[in-house]
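Observations on chain architecture
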2 protein chains.
Amino acid sequence: MTESDLPVVQLTPGRWGDPAQTVEVPEAALAALKHLGVRRTGVAVEAEQVVDGEAPGALVELLGVEHVKVDSDSRWAHTRGYSTPDLLRARAGDRADMPEAVLFPGSHEDVLGVLRVCSELGLAVVPYAGGTSVVGGLAPSRSFVAMDLRRLDQVDELDEISRTVRLGAGLRGTAAEAALKDEGYTLGHFPQSYEGASIGGYAATRSSGQSSAGYGRFDQMVVGVTVATPRGTVELGRAPMSAAGPDLRQLWLGSEGALGIITSVVVRIRPRPVERFFEGWRFGSFAQGLDAIRRLAQDGPLPTVLRLSDEAETAVNLADPEVLGGASGVQAIVGFEGTATAVRRAAVAEVLVDAGGEPLGEEAGETWRKGRYRAPYLRDPLLDEGALVETLETAGFWSKLPALKAAVTDALVKSLGDQGTPPLVLCHVSHVYETGASLYFTVVCAQAEDPIGQWRQAKTAASTAIAAAGGTITHHHGVGTDHRDAYAAEIGPLAIESLQAVKRVLDPNNVLSPGILLPEN
Amino acid sequence: MTESDLPVVQLTPGRWGDPAQTVEVPEAALAALKHLGVRRTGVAVEAEQVVDGEAPGALVELLGVEHVKVDSDSRWAHTRGYSTPDLLRARAGDRADMPEAVLFPGSHEDVLGVLRVCSELGLAVVPYAGGTSVVGGLAPSRSFVAMDLRRLDQVDELDEISRTVRLGAGLRGTAAEAALKDEGYTLGHFPQSYEGASIGGYAATRSSGQSSAGYGRFDQMVVGVTVATPRGTVELGRAPMSAAGPDLRQLWLGSEGALGIITSVVVRIRPRPVERFFEGWRFGSFAQGLDAIRRLAQDGPLPTVLRLSDEAETAVNLADPEVLGGASGVQAIVGFEGTATAVRRAAVAEVLVDAGGEPLGEEAGETWRKGRYRAPYLRDPLLDEGALVETLETAGFWSKLPALKAAVTDALVKSLGDQGTPPLVLCHVSHVYETGASLYFTVVCAQAEDPIGQWRQAKTAASTAIAAAGGTITHHHGVGTDHRDAYAAEIGPLAIESLQAVKRVLDPNNVLSPGILLPEN
């Protein structure tokens, strides 16, 4: 099965993904969890009943009654995203953060119309593309309507000479791949949220996929962007690159609905790969592996996928330590897609061997590839078992990564240890650049009595450590509400004021995702 | 001689570059010019005398009297840039656009202080780095002081693990290369203005160098940026890439002094190449050559330098048509730098042969390489001979390039033909991307009685054609004052208002380069 064959999954609050794909926690893992003090804490409670909402007549008139949903099921289905606190709140039946209504505009002009009406009414509006935010990007600071963009699902303006295509913001990543497959192309963007996420979300949050070494980040794929604002349309991208002032595409990419709603993007596409090869590599230590992948990132050649797990993550991932040939150390995954990959594979192997790596063969690679979208499914039964499981990520320059990793790990261990729930902290690198890389942490511990407060405390400790060690608060999850204050501190007051000034121009009545990305001013 | 051996050149108005390197127009070219009706029109007049300016006492107190120059020579040396109209105005002794004073701050704090004082006084201030603008980027809309950044020439924070270094905004490109050479590194940024331009100018104008296929554009090299504004400092870039909101580095890159003064940047560096190989290729037509270089840009491998001249430029460049083996057609230049370039050369050659190319050998490549910074020198004697010579450039997506090229050429031919001065229009591609490329035009014709008005009319026609054909108004020259109105039309009123709002936040008294980049609001 390739990425373009995966089904479009309808997400619902409280549990990730396709219900047909639920998994159970392996027995060996359950035993390990017991060592962390993890105990079942009970099952989800039934949510309180809510009455249907009401939508302003002007919106019904604009979109038609069938495209304005006020029933509680529709509203609940558009409540929050998929952070662990989001799941815990959903499981606890917490109906706060539920939109008053869900709108389904069918065109860019519809979106413009809705924003005009909402601005006149002072009604907050939050775009909903795939709904997979893990940073509180769907929970604004006041009562709001959700704008579900799923009807903006066009695939048009395919330009085979320039290798570009226009994709609607509501198009799921899976649907985009399926449509492009028919024409012989791929976008090559496969984040872990791939089964649920959408093009507009990729763009609005600067998403980065698992094949970023080969295909680049989503913001590097976008060559044109069309944005609706309460004051009208912004349309950018007349050339791949330009010296006509600042690259303003980059102002809307990553703007998370606060500076307008991206309704479509023109993206670079590539021919579908005809070959695919994934393999595992072993290094004696994370430090040794880091040197090896840095050499590939700086001097090349780069494979399509490049990941390096630390010792803890390697141990957890490999139920069978024989994969490492019985030796200790860490595992890397190296993947190649394209044509004539053999030359590149040989060149990469030469670098990795020279850096101390040992090939583990194709099975280790294929195991990772087949399970690449499974991790979020595992979180649900782990939560059922009483474990707290969450992830966080950062990025920094190569020279700072070891200290950054240690600082974040220490902060998490100390915060959760102090709370009586010592954690397991796993880490990997999955996105590399010439000058630095990302660090992705997975944290597992026993749930305390108030797991949301427990995690908030740990997350604050980790965020403080990231800032102090010179990392960015997020490499690919985005800002939302969870990172808003850390983000403001990271870019500083003048940069925040600058963004707020842009927002005032485009959104004079402050109805675009208030409290998301930017502090309210 | 390599790039790091080139001298730091002191530029003066009216003539390009190092006086020791002046050139004469070849006899064959003079004959060709006669066919265009080019006749000597006289020599430069003496400039009118001006009295010394006066600088506010607060600035003298801040920087010390030796760093505030008000003598007419210093002011004249900081007047305008190097567009052909700039040269013509300088030769005519036109002293308009001369700064009231030239300031030489010695640190980021000095720049902050100057901006605070200027803001209090309502005194406009324009940064002067290399002074090589060809788009009126040094001539604001009202009386001003020039801030020469040459003392901000630090090379520090060299990080050999991350391969980054901090460079001061006033550091010349040549000086940066010389300093990096000592450490075994290169920036790899070699625009045609290389002998005069500076790091801050590269950053503030999104410069692109002749080796952009291999090293990328300057905005792709910058990972961190430090900006001084009247309200304080903006400091961005904690990681190579981030999902922490919009990539605001891109808001200041290309901001041309209007949103603050970039005082230093952290840039990605690479090991100095140990091999270098340039060669010529022949294609039957520009269309065939365009297909060939598109294949390299889209499917690789990319050489370090990749240029394709059209039929007209090929004919003019090659005094000896035997270089093409006596055949007609167009010439491409392909250059390789790095280590073990032989494999890449062979792979590139395979693609080019398959696309119909014929290798012309190393001599054609070396001829181009040795003459790569010579073209601006040739303009001066051509102007002396009575020719009007100017360049303009654009970029667009591959599928639009043929029509874009034809539209611009037609507009120039018609406008100048209608004025009684039929031109020669030459074109080349020198920057390629997966989805498109740049087009660079050189125009030669006889000077009319009012050559500045003559060119203004032609340039307006070309700009209108670029907009209509879907190109961007500039790929690497920048906006300045010459492109300001076309730029505003290109990005639209809401994007312009957004930038103006940022400017009001950072520059409440509108003293930063008023009228440059942005229309005054």
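Residues numbered from 1 in each chain as written. Chains lettered and ligands numbered in written order. Predicted model: local features only at pLDDT ≥ 70, side-chain atom pairs only at ≥ 80, totals over all residues. Heavy atoms only, no water.

In the UniProt entry, the feature "domain: FAD-binding PCMH-type" (unreviewed entry) is given for residues 95-272 of chain A. Structurally, residues 95-272 of chain A comprises 24% helix and 26% strand, and the distance from its first C-alpha atom to its last is 43 Å. (UniProt positions renumbered as here; feature names shortened; annotations may be inferred. Helix = DSSP H or I, 4+ residues; strand = E, 2+ residues; numbered from the N terminus.)

This brings us to the pattern of salt bridges. Across all of its chains, the model carries 54 salt bridges over all chains by this definition. One salt bridge in this structure joins Lys405 of chain B and Asp310 of chain B, with 3.0 Å as the shortest N-O distance. Of this pair, Lys405 of chain B sits in helix H16 (residues 401-418) while Asp310 of chain B sits in the loop between strand S13 (305-309) and helix H12 (311-317), placing them 95 residues apart in sequence. An identical accessibility class is assigned to Lys405 of chain B and Asp310 of chain B; each is buried. One network of salt bridges, with partners in common, ties together Arg15, Arg91, Asp380 and Asp384 of chain A. (Salt bridge = Lys/Arg side-chain N within 4 Å of Asp/Glu carboxyl O. Buried < 20%, exposed > 50% of the residue type's maximum accessible area, 1.4 Å probe, protein only.)

In this section: the interface of chain B and chain A. With 78 residues of chain B in contact, the opposing surface of chain A contributes 78 residues. For the pair chain B and chain A, the summed buried surface comes to about 5,800 Å²; carbon and sulfur atoms form 61% of the total. Summed over the three residues of chain B that lose the most area to chain A, namely Arg238, Met241 and Leu494 of chain B, the buried surface amounts to 14% of that side. The closest approach of N and O atoms between Arg231 of chain A and Glu497 of chain B, which form a salt bridge, is 2.8 Å. Top contributing element to the side of chain B that touches chain A by residue count: helix H19 (residues 493-506) of chain B, with nine residues. (Contact = heavy atoms within 4.5 Å. Buried area = accessible area lost by both parts, 1.4 Å probe.)

All names here are of chain A. Assigned domains of chain A: these are domain 1 (155-271), domain 2 (275-370) and domain 3 (375-478). Using C-alpha coordinates to define each centre, domain 1 is positioned 28 Å away from domain 3. Listed by partner, the interface residues are eleven residues for domain 1 and ten residues for domain 3. Between domain 1 and domain 3, a total of about 750 Å² is buried, with carbon and sulfur atoms accounting for 44% of that surface. If you sort the residues of domain 1 by the area they bury against domain 3, Gln192, Ser208 and Arg217 come out on top, with a joint share of 48%. Where domain 1 touches domain 3, the interface holds zero salt bridges. Joining domain 1 to domain 3, the criterion identifies six residue pairs in polar contact (both at pLDDT 80 or more). (Domains from an automatic or database assignment. Polar contact = N/O pair within 3.5 Å; in protein donor to acceptor, adjacent residues only side chain to side chain.)

Moving on, we get to the state of the cysteines. Residues and elements named next belong to chain B. According to the stated counting rule, one finds zero disulfides over all chains in the structure shown. Cysteine Cys427 is unpaired, with the sulfur of Cys445 as its nearest cysteine sulfur at 17 Å. Taking the relative accessible area as the measure of exposure, Cys427 reaches 1% and is therefore buried. (Disulfide = S-S within 2.5 Å.)

Residues and elements named next belong to chain B. In space, the seven strands of this open sheet follow the order S15-S12-S14-S13-S17-S18-S16, with antiparallel pairing throughout. Bordering the open sheet on either side are strand S15 (358-361) and strand S16 (387-397), each of which pairs with just one other strand. Averaged over all neighbouring strand pairs, the angle between strand axes comes to 25°, with direction disregarded. Here strand S17 (residues 424-429) runs beside strand S18 (residues 436-446); their pairing, made up of five bridges, is antiparallel. (Pairing = 2+ DSSP bridges. Axes fitted to C-alpha atoms, helices over the stretch in contact; angles between N-to-C directions.)

The predicted model of chain A averages 93 in pLDDT, with 95% of residues at 70 or higher. Here the predicted complex carries an ipTM of 0.95, next to a pTM of 0.96. (pLDDT = per-residue confidence, 0-100.)

An α-helix turns once every 3.6 residues. As a result, residues three or four positions apart point the same way. Along its 14 residues, helix H11 (residues 286-299) of chain B runs 20 Å from first to last C-alpha, staying within 8% of the 20 Å computed at 1.5 Å per residue. The set of residues buried in H11 of chain B consists of Phe286, Gly289, Leu290, Ala292, Ile293, Arg294, Leu296, Ala297 and Gln298 of chain B. (Expected span 1.5 Å × (residues − 1).)

Superposition record for chain B on chain A: RMSD 0.0 Å, screw rotation 180°, translation along axis 0.0 Å. One copy is carried onto the other by what is essentially a two-fold rotation axis. Of every C-alpha in chain B, the one belonging to Ala501 of chain B sits nearest the axis of rotation, 2.8 Å from it. (Least-squares fit on C-alpha atoms with pLDDT ≥ 70 in both.)

Our focus in this paragraph is the sheet that holds strand S14 (residues 330-338) of chain A. Residues and elements named next belong to chain A. Spatially, seven strands are ordered S15-S12-S14-S13-S17-S18-S16 in an open sheet, and the strand pairing comes out antiparallel. Pairing within the sheet leaves two strands with one partner each, and these edge strands are strand S15 (358-361) and strand S16 (387-397). Strand-to-strand twist in this sheet, taken as the mean axis angle between neighbours without regard to direction, amounts to 25°. Where strand S12 (residues 275-283) lies against S15, three bridges are found, and the strand directions are antiparallel. Its bridge partner being in S15, Arg282 is matched across the sheet by Glu358.

Another point: the packing of H11 of chain B against helix H13 (residues 341-354) of chain B. A packed helix pair is summarised by two numbers, namely the angle formed by the two axes and the spacing between the axes. All names here are of chain B. At their nearest, the axes of H11 and H13 sit 9 Å apart, and the two run at 145° to each other. In the packing of H11 onto H13, the handedness of the crossing is right-handed. The segment H11 lies against H13, with Ala292, Arg295 and Leu296 engaging Val348, Val351, Leu352 and Asp354. Counted by class, the contact of H11 with H13 contains five nonpolar, no polar and two charged residues. (Left-handed = near helix turned anticlockwise from the far one by under 90°. Nonpolar A, V, L, I, M, F, W, Y, C, P; charged D, E, K, R; others polar.)

A separate point is helix H15 (residues 375-384) of chain A. Residue and element names in this part refer to chain A. Most of H15 is tucked away: seven of the ten residues are buried. Within H15, burial applies to Pro376, Tyr377, Arg379, Asp380, Pro381, Leu382 and Leu383. Residues of H15 that are buried in the fold lie against helix H1 (27-35), helix H4 (84-91) and S16. With its phi angle positive at about 100°, Gly386 sits one or two positions after the end of H15.

A few words on the packing of helix H16 (residues 401-418) of chain A against helix H17 (residues 451-468) of chain A. Residues and elements named next belong to chain A. As a packed pair, H16 and H17 sit with axes 8 Å apart at the nearest point and diverge in direction by 155°. When the axis of H16 is compared with that of H17, the two are roughly antiparallel. Where H16 crosses over H17, the handedness of that crossing is right-handed. Across the interface between the two elements, Leu404, Ala407, Val408, Ala411, Leu412, Ser415 and Leu416 from H16 touch Gln454, Trp455, Gln457, Ala458, Ala461, Ala462, Ala465 and Ile466 from H17. Among the residues making up the contact of H16 with H17, the classes are represented as twelve nonpolar, three polar and no charged. (Parallel < 35°, antiparallel > 145°, perpendicular 65-115°, else oblique.)

On to the side chain of Thr229 of chain A. Within the secondary structure, Thr229 of chain A sits in strand S8 (residues 222-229). Among the residues examined, Thr229 of chain A registers a relative accessible area of 0% and is labelled buried. Sequence-distant contacts of Thr229 of chain A, that is, excluding residues within four places in its chain, are made with Leu112, Leu115, Val234, Leu259, Gly260 and Leu506 of chain A together with Leu494 of chain B.

Let's shift gears to the packing of aromatic side chains. Per the stated rule, a full pass over the model turns up ten aromatic pairs over all chains. Geometry around Tyr377 of chain A places Arg374 of chain A over its ring, the cationic atom sitting 4.5 Å from the centre. (Phe/Tyr/Trp six-rings, centres within 6.5 Å; stacked < 30°, edge-to-face > 60°. Lys NZ or Arg CZ within 6 Å of the ring centre and 35° of its normal.)

All names here are of chain A. Most of strand S6 (residues 164-168) sits inside the fold, with five of its five residues counted as buried. Burial of the side chains of S6 extends over both faces: Thr164, Arg166 and Gly168 are buried on one face and Val165 and Leu167 on the other. Taken together, strand S5 (residues 155-159) and the strand that follows it, S6, pair antiparallel across an intervening segment of four residues, in which Arg163 is found at a positive phi of about 55°. As paired strands, S6 and strand S10 (residues 261-268) are joined by five bridges and run antiparallel to one another.

A few words now on the side chain of Thr435 of chain A. Of note, Thr435 of chain A is situated in the loop between strand S17 (424-429) and strand S18 (436-446). We classify Thr435 of chain A as buried; its relative accessible area is 3%. Apart from residues no more than four positions distant in its own chain, Thr435 of chain A is found in contact with Phe397 and Trp398 of chain A together with Ser162, Arg163, Thr164, Val223, Pro240 and Arg268 of chain B.

Let's shift gears to the nonpolar core. Judged by nonpolar contacts, the single largest core of 105 residues is most densely connected at Phe218 of chain A together with Phe218 of chain B. What Phe218 of chain B contacts, discounting residues up to four positions off in sequence, is Leu187, His189, Ile199, Tyr202, Ala203, Ser207, Val265 and Val267 of chain B. (Core = buried A, V, L, I, M, F, W, Y, C linked by side-chain atoms within 4.5 Å.)

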